[in-house]
Amino acid sequence: MKGLHIQGIGVSEGIRIAKAYVYKPAQANGAGSTPPGELISDNPAAIDAELGKLRDAKARCAEQLEKLTEKAKEAVGEEQAGILAGQRKLLNDPAFYPKMEARVREHLESAPQAISEVVSHVAALFEGMNNDYMKERATDIRDIGSRLLACLSPGQTRGLTGITGQVILVADDLTPSDTVQLDSTQVVGFITRTGGATSHTAILARSLGIAAIVGAGDYIDAINDGDILVVDGSAGLCIARPQEAEAEQYRLRMKQDLARRQSLEEYAARPAVTADGVRVELAANIGSAAEAENAVRQGADGVGLFRTEFLFMNAPAMPGEEEQFRAYQEAARMMEGRPVIIRTMDIGGDKELPYLQLPKETNPFLGFRAIRVGLLRQELLRTQLRAVLRASAFGTVKVMFPMISGLQEWRQAKAILTEEQAELRQEGIRFDESMEVGIMVEIPSTAVLAGLFAQEVDFFSIGTNDLVQYTIAADRMNEHVAHLYDYFHPAVLQLIRTVIEASHTAGKWTGMCGSMAGDPLAAPLLLGLGLDEWSMEAGSLSLMKKQLAGLDRQECRELAERILRLDTPQAVRQSLEAFCNAKKLGV
Ligand code: PEP
Ligand code: MG
């Protein structure tokens, strides 16, 4: 008998073998999370004991909120910290905590049951109100509920911090903020029930070097805590409780994998040059200043995308100008003069920042996200731009705005930057006066209007992860439409060509920082289309250099011409595979 084979979507390569760690975050929001409805005994001692648990949890919760409020005050000032202080007040509201005690006393409900009932009830009341501000308070209520539940049984909620030894996480879902906290020396792999290939959780897994599978569905319920698991992140295959022979086969593949990686190491120190001698600019995507060091080690020519929101997701409250400045300056310093493109905060979509209290949305990827947040909550954008500008005095820093959908947005963002530049000048603070300013092309409307944008921006960076989802209307997070989500879709390719050509006509340049840029199969096509800068996870750089060394630009131009006439993603893939196989290139 073989072990249980579970097929999901492989999103971060690597083979790992380790014990399963089933992750169960605390929840207090919804019927499914209500603990079993067993009643406690009506014996006064039992009631007192249950009330004692509830009071202890409340005290722990209040203490945590107090500490967090203090921290937030230092980092972001009184106003933002007020949200946490507000939660503390809510804890003492007569319509909230006392009702929990009453349920224990009068209905003999257990402490977790009482918390869940009151939280659901109060949150529903707020949600039903005819006022957006009040509706949003439901999030606060649920937040406190989760915190209370976690405080009730600190040992039982399986957090991500209590892990010892090497494990493979098994979870319904991991948020990007869960993932950003993972220690990759302990969590060597993960498998989740839901999720898509270019979710930010998947992107983080790749940059942390964690083998990962998402969208595995309900099969994960068959995995028990402590089971031995094999995760093959390239094939999207997880084997639970493998037979010894199977495990041995994967151990051998792990060794081969390591040998393959080592054989690529020599490429790290070399520049990326095609067979016909064309130098290609290969950059790395990073999510923290610390990752810049790894980017240099892996041979990056620069940073093509600094996802700054990961910085914010790792903090208990919004980092202020000084803290941001230090992170950007550090990245610029580590890159030693190589360009660093800092993208302004792209929060929203699958990336939440609890302390920003953004409204819950039905379609977050089509909603209040990225530059839309920055233009409305301008204090956030202005603080960040000041920090970026100050860092520009310490290296080659460029800035770009995410999710631009029209010229109006770009002009507004640029005007804010100009105002902040003027402010700094007046304060006598140094910054790079000729810093390049660009936009991400992630929305079809912007790709279509690339010719107009190219008159005004310094550069484009194509974000295929979003461009694909918006062009094909296939959610990047949704495993049920993963078969549609494909950057080789002819419509996506037409948009990419439009953007690159528009930039060249105007004497500007185009980079790409979506996952397509790191795919060796896409390399001949992108080279043929004339892409100027390629930015990918640092771990992909060596393989890409090897791939480019086997390509001839003129040949690739001709290939691109042929491919742009094909009508399905499948035909495009086949054509690229045939081309690479004929040249004996690894794909
Ligand atoms: C993209 O959309 O391709 C991109 C690089 O941005 P993100 O993945 O952070 O949305
Ligand atoms: Mg994007």
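A quick note: this is a predicted structure, and the numbers were derived from the prediction, not measured.

K.L.:
Looking at this structure, how should I read the overall build of the chain?
P.N.:
Regarding its fold elements, the chain presents 22 helices and 17 strands. C-alpha atoms of the chain, sized along the principal axes, occupy 85 × 70 × 40 Å. Scored against the burial criterion, the 587 residues of the chain give a buried share of 52%. When the accessible surface of the chain is summed, it comes to about 25,200 Å², and 50% of that surface belongs to carbon and sulfur atoms.

K.L.:
Looking at this structure, I do not really get the pairing of strand β14 (residues 437-441). What am I missing?
P.N.:
Consecutive side chains along a regular strand alternate between the two faces of the sheet. When you tally the buried positions in β14, you get five out of five residues, the bulk of the element. Here β14 shows no split at all, with Val-437, Ile-439 and Val-441 on one side and Gly-438 and Met-440 on the other all buried. Inspection of the sheet shows strand β13 (residues 396-401) paired to β14 by three bridges, in the parallel sense. Directly across from Phe-401, in β14, lies its bridge partner Ile-439. As for the winding sense of the linkage, the β-α-β connection from β13 through helix α14 (residues 407-427) to β14 is right-handed.

K.L.:
I keep staring at the nonpolar core and nothing clicks. Help me out?
P.N.:
One broad rule of soluble globular proteins: the nonpolar side chains tend to lie buried together. Counting 113 residues, the largest nonpolar core has Tyr-328, Ile-496, Met-516, Leu-525 and Trp-534 as its most contacted members. In this structure Met-516 touches Thr-464, Tyr-487, Phe-488, Leu-493, Ile-496, Ala-522, Leu-525 and Leu-526, once residues within four positions along its chain are discounted. Within the second largest apolar cluster, 27 residues are counted, among which are Val-104, Leu-108, Ile-144 and Cys-151.

K.L.:
Which parts of the structure should I look at to understand the site of ligand 1?
P.N.:
Residues in close proximity to ligand 1 total 17 residues, the closest being His-200, Arg-307, Arg-343, Asn-465 and Arg-476. The separation between an oxygen atom of ligand 1 and a polar side-chain atom of Arg-307 is 2.7 Å. Contacts to ligand 1 include Arg-476, whose side-chain N or O atom sits 2.8 Å from an oxygen atom. Burial of ligand 1 by the protein chains amounts to 100% of its free accessible area of 290 Å². Contributions of two or more residues to the shell around ligand 1 are made by α7 (200-208), β11 (303-307) and α17 (464-472). When residues in the shell around ligand 1 are grouped by element, the largest group, three residues, is from α17. Among the residues making up the shell around ligand 1, the classes are represented as four nonpolar, five polar and eight charged.

K.L.:
For this particular structure, what's the right way to read the pattern of salt bridges?
P.N.:
Pairing is possible between side chains that carry opposite charge, provided their charged atoms lie close to one another. A complete count under the given rule lists 40 salt bridges for this structure. Of the charged contacts, one joins Arg-386 and Glu-321 as a salt bridge, the two residues approaching to 2.8 Å between their closest N and O atoms. Of this pair, Arg-386 sits in helix α13 (residues 378-391) while Glu-321 is found in helix α11 (residues 321-334), placing the two residues 65 residues apart along the sequence. A salt bridge links Arg-369 to Asp-346; the shortest N-O distance between them is 3.0 Å. Within this pair, whereas Arg-369 is found in the loop between β12 (339-343) and α12 (371-376), its partner Asp-346 is found in the loop between β12 and α12, the two being separated by 23 residues in sequence. Using a relative accessible area of 0% as the deciding quantity, one classes Arg-369 as buried. Here the salt bridges share partners, and the residues they tie into one network are Glu-309, Arg-343, Asp-346, Lys-351, Arg-369, Asp-466 and Arg-476.

K.L.:
What exactly am I supposed to notice about the packing of helix α3 (residues 97-107) against helix α4 (residues 111-127) here?
P.N.:
Angle between the axes and distance between the axes: these two values describe a pair of packed helices. Relative orientation of the contacting elements α3 and α4 amounts to 130 degrees, with a least axis distance of 9 Å. Taken together, the axes of α3 and α4 are oblique relative to one another. Both α3 and α4 take part in a crossing whose hand is right-handed. On α4, the residues touching Lys-99, Met-100, Arg-103 and Val-104 of α3 are Ala-111, Ala-114, Ile-115, Glu-117, Val-118 and Val-119.

K.L.:
What is the right way to look at the packing of α17 against helix α18 (residues 490-505) in this model?
P.N.:
For the pair α17 and α18, interaxial distance at closest approach is 10 Å and the crossing angle is 125 degrees. Comparing the axis directions of α17 and α18 gives the class oblique. In this structure, α17 meets α18 at a crossing whose hand is right-handed. When α17 is examined against α18, the residues Thr-464, Leu-467, Val-468, Thr-471 and Ile-472 are found in contact with a partner set consisting of Ala-491, Val-492, Leu-495 and Ile-496.

K.L.:
Explain the sheet that holds strand β6 (residues 211-214) to me, please; I cannot follow it from the model alone.
P.N.:
Strand order in the open sheet made by the eight strands is β1-β8-β7-β3-β4-β5-β6-β2, with mixed pairing throughout. Strand pairing shows two members of the sheet lacking a second neighbour, β1 (4-7) and β2 (9-12), which therefore form its edges. Geometrically, the sheet is characterised by an average inter-axis angle of 30 degrees between neighbouring strands, direction not taken into account. Taken together, the five bridges between strand β4 (residues 167-171) and strand β5 (residues 187-192) define a ladder with parallel strand orientation.

K.L.:
Looking at this model, I keep getting lost on unusual backbone geometry. Mind explaining?
P.N.:
Across the chain, the bulk of peptide bonds are trans and the bulk of non-glycine residues have phi less than zero. Positive phi, close to 60 degrees, is recorded for Met-403, a residue that is not glycine. Structurally, Met-403 is set in the loop between β13 and α14. Met-403 gets classed as buried once you look at its relative accessible area, which sits at 1%.

K.L.:
What am I meant to see in a nonpolar patch on the surface here?
P.N.:
A contiguous nonpolar surface patch, about 260 Å² in accessible area, is contributed by Val-448, Leu-449 and Leu-452. Within the secondary structure, Leu-452 sits in helix α16 (residues 450-453).

K.L.:
What am I meant to see in the environment of Leu-356 here?
P.N.:
You can see Leu-356 is positioned in the loop between β12 and α12. Judged by its relative accessible area of 2%, Leu-356 falls in the buried class. The sequence separation of Leu-356 and Met-318 amounts to 38 residues, and the corresponding C-alpha distance is 7.8 Å.

K.L.:
Explain the coordination of the magnesium ion (ligand 2) to me, please; I cannot follow it from the model alone.
P.N.:
Reference values for angles at a metal are 109.5 degrees in the four-donor tetrahedral case and 90 or 180 degrees in the six-donor octahedral case. Each protein donor to the magnesium ion (ligand 2) is listed here as Glu-442 (OE) and Asp-466 (OD); together their distances run 2.0 Å. Here Glu-442 is found in the loop between β14 and α15 (444-448), whereas its partner Asp-466 is found in helix α17, with 24 residues between them in sequence. The pair formed by Glu-442 and Asp-466 is uniform in burial state, with each residue classed as buried.

K.L.:
Quick question: what am I supposed to make of α4 here?
P.N.:
In an α-helix, one turn spans 3.6 residues, which is why side chains three or four residues apart end up on the same side. Compared with the 24 Å implied by 1.5 Å per residue over 17 residues, the 24 Å span of α4 between its first and last C-alpha is a close match. The complete set of buried residues in α4 reads Ala-111, Gln-113, Ala-114, Ile-115, Ser-116, Val-118, Val-119, Val-122, Ala-123 and Phe-126.

K.L.:
Would you mind showing me how to read the packing of aromatic side chains here?
P.N.:
For any pair of aromatic rings, the description rests on two quantities: the centre-to-centre distance and the angle between the ring planes. Overall, the coordinates contain five aromatic pairs when judged by the stated rule. Centroid distance Phe-306 to Tyr-328: 5.8 Å. Interplanar angle 90 degrees. Geometry classified as edge-to-face. One end of the pair, Phe-306, is in strand β11; the other, Tyr-328, is in helix α11, with 22 residues separating them in the sequence. The residues Phe-306 and Tyr-328 share a single accessibility class, namely buried.

K.L.:
Would you take a moment to explain the confidence of the model for the chain for this structure?
P.N.:
Detailed conclusions should not be drawn from predicted coordinates in areas where pLDDT is low. For the chain, the average pLDDT comes to 89, and 91% of its residues sit at 70 or higher. Considering only residues more than four positions removed or in separate chains, one finds that residues 28-36, a stretch of pLDDT under 50, has 16 contacts.

Cut-offs used in this document
Residues numbered from 1 in each chain as written. Chains lettered and ligands numbered in written order. Predicted model: local features only at pLDDT ≥ 70, side-chain atom pairs only at ≥ 80, totals over all residues. Heavy atoms only, no water. Helix = DSSP H or I, 4+ residues; strand = E, 2+ residues; numbered from the N terminus. Buried < 20%, exposed > 50% of the residue type's maximum accessible area, 1.4 Å probe, protein only. Areas by Shrake-Rupley, 256 points an atom, 1.4 Å probe, with all protein chains shown as cover. Pairing = 2+ DSSP bridges. Right-handed = clockwise from strand over helix to strand, strands pointing away. Core = buried A, V, L, I, M, F, W, Y, C linked by side-chain atoms within 4.5 Å. Contact = heavy atoms within 4.5 Å. Near = heavy atom within 4 Å. Polar contact = N/O pair within 3.5 Å; in protein donor to acceptor, adjacent residues only side chain to side chain. Nonpolar A, V, L, I, M, F, W, Y, C, P; charged D, E, K, R; others polar. Salt bridge = Lys/Arg side-chain N within 4 Å of Asp/Glu carboxyl O. Axes fitted to C-alpha atoms, helices over the stretch in contact; angles between N-to-C directions. Parallel < 35°, antiparallel > 145°, perpendicular 65-115°, else oblique. Left-handed = near helix turned anticlockwise from the far one by under 90°. Patch = residues over 30% accessible without salt bridge, like charges linked within 9 Å, V, L, I, M, F, W, Y side chains within 5 Å. Donors = N, O, S within 2.8 Å, 3.2 Å for Na, K, Ca; no water. Expected span 1.5 Å × (residues − 1). Phe/Tyr/Trp six-rings, centres within 6.5 Å; stacked < 30°, edge-to-face > 60°. pLDDT = per-residue confidence, 0-100.

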